[in-house]
Structure formats: structure tokens, C-alpha cells
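# Architecture and fold: a report
Below are the chains, spelled out letter by letter.
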Amino acid sequence: MVDSSLNSPDSLRRIFESEDPSSRNADIDDFAVDGCFLDRALDLAWLGAGSTHPNPLVGAVVVKDGRVLGAGYHKRFGEAHAEVIALDHAGHGAEGSTLYVTLEPCSHHGSTPPCVEHIVKCGVKRVVIPILDPDERVNGSGVQYLRDNGIAVDVGVGQERALLLNMKYLKKKLNLGPSVTLKMAVTLDGRIASHPGARDDITGVEARRMVHRLRAVHDAVAIGVNTFDIDSPKLDCRLVDDVESPVPVVFDSRLSFPGGHPWLSGRAPVIVAGRDAPVEKEKELTASGGRVVRCSLDESGVDIAGAIASVFGLGLESVLVEGGAKVFASFVRAGLWDGLYMFVSPSLFGARGVAVSSEAFDKNHLNAELAGVADVSGDVVLSFINKNTRRSMLERLA
């Protein structure tokens, strides 16, 4: 996820002023150095959240002699790609440099010329990328073009963060279906509220801005009806400029969602998933502009697997699940998630606090692989990828 100092396109100073990682330890290996610079490119990529679709999020930095000479990210669909912006930023300094970019550079003519041609023209010596671009117009041809023109290309550094960055895009291109991302905000002692029924701002504003970027890259954002009743959330992207907010989804077994709520008449009307309610209640919601998907119930309430399948059946391709504890546990129990972001605040709620999950899961059941750790103005963001998702994606990207 994006670092807190990169929440504005005007705040790229850190990229240039931060210490050369290779100077911290004379024995540090090249892979660790590559990871540090690629992390900066991944941070930059998130600044395009909500503006690049159907293109992926991409960030790039140009490095020579341990110094970042240029940086850029894909700002908006149809505009210049990250590699071109970063190289133009570096100017003549790009000759003999290493280019770190979060996805394989394109090799085809589209809204913009092929990035690989510009990379060769600028005299780049080496390119480091985490993964190939599965777009049929690229899919290894970008790497091959660069190598054919004498540029060294290393693939594989930072794979997990890169997969999370463009989960929706990659799963669609790889024919792996829609994507599900879980997000929770917790205290150091694993609590999501100070006591039952409480609404607490656990993390700071910069961490919340990151959540809004997460929302901006998803088609829908989902919560349980208890979270809806307690928090009265907006589920929008108001902390990010000029992006559309996702479709709100409420898991509500009794269809208790109130008629007349603003979500019923918004740009993207709410989807309510449930079953145990009179037909008249369903008619009330649909007449007000909402959408209702009927699904079966299990011992915990709404059958999550059936409900999410019905939501995706409406044409949505990705959903961000924001809890609470019962919904979070349902998705983990079902193994129905691809990415997980845990926002951890340096605070304690104690014994009265509400636990992050309504059930206990060991590490084998959770099946999560750590992708990244970020400090965001005092809060810490842990990102994970589902091991099964990682395996299936990398098998098809090979």
C-alpha cells in the first residue's frame, strides 16, 4: 500500500531524499536493494487508484549510482504511462540507469506508444519488474523486446505486493474470476471496538486515506448489517480526489435495511443480500432503487459464498469487505478471499473490546502469506495474499 507521505501527487520529495538503501550495510545483497526501490515504485502506483481503469496501477522509479533520478505513476487512463513519466523526469540521467517498474512494460501501440521503445531510446541499462503483464498484447513480449535490445531484465522481486496492487486486473486477465479483499482496522490487542456497540476511530487520517484508495480500486465495498447499524458508514472515497465510490453491499439476513436511505438512490444503488424477510420488504427496497439478492442462510447468518456469488452475478468484478467481526470470520472460514489488509493502531482497548474475529483461526486455516509492512503516520499496515490465490496467479503468469 501507499506510504503516508505519498498521499498527494505533489509529495514525491521522499522518493528522492530517502537514503540509498545500499549505503546502510556494505553486505546488503542486490535483491534487498531491488526490493527497496521497487517498494517505492509500488507506493507511487497507488496514487493512480480509481483513475486508471481498465488499465492497471503502475509506478516506476529510475535509479543510478544509488540515487533516484526520476519517478512517476500512471495517473489516468489514456495518459502517459509510469515508465515514460519517470524516464522523462530523469532526463539524460536515465542513460545507464536501472528502471524499477511494478508491471512488465507494454510493447504495443494503444492510447500511448510502446513503453519498451522509450526505455531503449533513453539508454536504460537494466529493468526490474515483479511480474509479467498477462494482457495478450504484452505477456512476455515486453521483456523479450528489452532483452533483444541489450537491456538486462530481472523478474520476480516483490511479487506479492504487485499481485495485491492489481488483483482485480490480474484475476480478470488470467480468467480466475472476481476478487475479494478483506480489510480490518484493529488495536495492538486485536480489538475493532472499545466495547460492543461502540464506534471508534482506531487509525489516523492517513491510514483512512489509504482505505479510500483501496475502495477506489474495487467495484463494491461490503459490510454486515451490524456494522451498518452501529457505524452508519459512508463507504465512499471522499479522501481521494476525482474518483467514483464503489457500490455499497450489506449482508442482511432479514432485509432490515431502512427504506429512504441515501444509498437507495445514489449513483450506485445499494445491494442488500439476505433471505429471511417478507416479499413486501423486498418490494419496498427495490421500489426505492435498491437491489436485493436472495441467498440461503447458514448457522452464522447469510451464506457468504452464495451471497458473494449473487453479488458478482450482477456484473461486479471485485469487492472490498470491511467487516465487522462476524462477516470477517465468515469469509475466512469459507476461504473466500484473495488479499487482506490489516491496519494496526498503537493503542489498546482491553478486555471489554470487541475481537477482530468472532472465531479463532490458526495460521494454517488462515492460509495467508505476508506481502508487505508499511508505517503510515504511526499506524502499521500489514498486507497478506491468500496462498492459494498466489499460487494460481503465478502458475498462469509463468
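Just above, that's the structure.
As a starting point, this report considers the structure included with it. Predicted model only: the values in this text are computed from it and were never measured.

### Observations regarding the packing of aromatic side chains
This structure, assessed with the given rule, holds 5 aromatic pairs. Summarising the aromatic geometry, the rings of Phe 228 and Phe 257 are spaced 4.8 Å apart at their centres and angled 35° between planes, so their arrangement reads as tilted. Separated by 29 residues along the polypeptide, Phe 228 in helix H9 (residues 225–231) and Phe 257 in the loop between strand E9 (247–251) and strand E10 (271–274) bring together distant segments of the chain. Across the pair, Phe 257 and Phe 228 agree in class, each one buried. Judged by centre distance (5.9 Å) and plane angle (55°), the rings of Phe 251 and Phe 331 are tilted. Of the two residues, Phe 251 sits in strand E9 while Phe 331 sits in helix H12 (residues 325–334), which places them 80 residues apart along the sequence. An aromatic cluster of at least three residues, connected via ring pairs, comprises Phe 228, Phe 257 and Trp 263.

### Points about the environment of Ser 265
Of note, Ser 265 is situated in the loop between E9 and E10. Residue Ser 265 is classed as exposed on the basis of its relative accessible area of 61%. Separated by 23 residues in sequence, Ser 265 and Ser 288 place their C-alpha atoms 6.9 Å apart.

### Here we look at the layout of surface pockets
Of the volumes computed, that of the largest pocket is approximately 1200 Å³. Lining the largest pocket we find 48 residues, and of these Thr 227, Asp 231, Glu 322, Gly 323 and Gly 324 sit closest to its centre. Listed by contribution, the elements that provide at least two residues to the lining of the largest pocket are strand E6 (179–187), strand E7 (191–193), helix H8 (205–216), strand E8 (220–224), H9, strand E13 (301–302) and H12. Its residues assigned to classes, the lining of the largest pocket comprises 21 nonpolar, 14 polar and 13 charged.

### Overview of the pattern of salt bridges
With the rule as written, the count across this model stands at 19 salt bridges. Arg 126 is the partner of Asp 34 in a salt bridge, and the nearest nitrogen-oxygen pair spans 2.6 Å. Taken together, the residues Asp 34 in helix H2 (residues 30–45) and Arg 126 in strand E4 (residues 126–129) connect sequence positions 92 residues apart. Glu 317 is the salt-bridge partner of Lys 172, the closest N and O atoms lying 3.3 Å from each other. Within this pair, whereas Lys 172 is found in helix H7 (residues 167–173), its partner Glu 317 is found in the loop between helix H11 (304–312) and strand E14 (318–321), the two being separated by 145 residues in sequence. Classification of Lys 172 by relative accessible area gives exposed; the value is 51%. Beyond isolated ion pairs, a larger network of salt bridges with shared partners links Asp 34, Arg 126 and Asp 154.

Rules used in this analysis
Residues numbered from 1 in each chain as written. Predicted model: local features only at pLDDT ≥ 70, side-chain atom pairs only at ≥ 80, totals over all residues. Heavy atoms only, no water. Phe/Tyr/Trp six-rings, centres within 6.5 Å; stacked < 30°, edge-to-face > 60°. Helix = DSSP H or I, 4+ residues; strand = E, 2+ residues; numbered from the N terminus. Buried < 20%, exposed > 50% of the residue type's maximum accessible area, 1.4 Å probe, protein only. 1 Å grid on protein atoms, 1.4 Å probe; cavity = no way out; pocket = protein on both sides within 12 Å on 5 of 7 lines; lining within 4 Å. Points joined across faces, edges and corners; volume = space filled by probe spheres on them. Nonpolar A, V, L, I, M, F, W, Y, C, P; charged D, E, K, R; others polar. Salt bridge = Lys/Arg side-chain N within 4 Å of Asp/Glu carboxyl O.

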